[in-house]
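# Close look at the chain arrangement
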Amino acid sequence: MNHNQQSIEGKHDDDTQLTEFLSSLMDYTPTIPDELVEHYIAKSGFQCPDVRLTRLVAVATQKFVAEVASDALQHCKARQSAIVKDKRDKQQKDKRLILTMEDLSKALREYGVNVKHQEYFADSPSTGMDPASRDE
């Protein structure tokens, strides 16, 4: 068997796997609804009536979000373990992890997404409003 025959057979195997994968997307219901994906695809100027492509984008998006969330969790654990080491003499009763914008920003930065957020966030929608105009 020469090199050309091997590459043709390899390409045929790849095409077969791709076809099988795309057909499996028809039976798969992604976490991100098709309508939402179609909205953002259309908003970006791309139109494709093939639902398989829509689901492929949904699966890729789902994978990206899961990886960012996992990385942010690792940043959160590292940050909170550093806090515990600084305060060894005090027993920490609350073992909950608190994800911050800083954790999320660090995780997104690894993927080339730079997040700029305000220095301070309001505690409630009425913060900073004139007291006379509040509905409280």
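The structure this text deals with has already been given above.
Description of the structure in this document. The written sequence of each chain sets the order in which its residues are numbered from 1. For a predicted model such as this one, the threshold for reporting local features is a pLDDT of at least 70, and the threshold for listing and counting side-chain atom pairs is 80 or more; totals across whole chains, interfaces and linings nevertheless cover every residue. For side-chain calculations, the full set of non-hydrogen atoms in the structure is used, while hydrogens and water are omitted.

The next subject is helix α2 (residues 34-43). A simple rule labels every residue: compare its accessible area, found with a 1.4 Å probe on the protein chains alone, to the largest value its type can have, and call it buried under 20%, exposed over 50%, or partly exposed in between. What counts as a helix is a DSSP run of H or I of at least four residues, what counts as a strand is a run of E of at least two, and both are numbered from the N terminus. Inspection of α2 places Asp34, Val37 and Ile41 among the buried residues, and these make up the whole buried set. With its buried residues spanning 65° around the axis, α2 presents them on a single face. α2 presents Glu35 and Lys43 as exposed residues on the side facing more than 90 degrees away from its buried surface. One or two steps after α2, the chain reaches glycine 45, where phi turns positive at roughly 100°. This arc corresponds to the set of directions leading from the helix axis out to the C-beta atoms.

For the rest of this paragraph, the subject is the side chain of aspartate 71. Considering the arrangement of structural elements, one finds aspartate 71 in helix α3 (residues 51-86). Two residue types count as positive, namely Lys and Arg, and two as negative, namely Asp and Glu; His and chain ends fall outside the count. Salt bridges are defined by distance alone: a side-chain nitrogen of Lys or Arg within 4 Å of a carboxyl oxygen of Asp or Glu. For the buried residue aspartate 71, which engages in no salt bridge, the nearest side chain bearing the opposite charge is lysine 63, 9.6 Å off. In this analysis, two residues are considered to be in contact whenever any of their non-hydrogen atoms come within 4.5 Å of each other. Apart from residues no more than four positions distant in its own chain, aspartate 71 is found in contact with Ala107, Glu110 and Tyr111.

A few words on the pattern of salt bridges. Inspection of the entire model under this criterion finds five salt bridges. As a salt-bridge pair, aspartate 34 and arginine 55 come within 3.1 Å of each other at their nearest N and O atoms. Here aspartate 34, found in helix α2, pairs with arginine 55, found in helix α3; they are 21 residues apart in sequence, far enough to count as distant. An identical accessibility class is assigned to aspartate 34 and arginine 55; each is buried. Here lysine 63 makes a salt bridge to glutamate 67, at a shortest N to O gap of 2.2 Å. Of this pair, lysine 63 and glutamate 67 both sit in helix α3, four residues apart, which is roughly one turn of that helix.

Read these as spatial facts, not as claims about activity.
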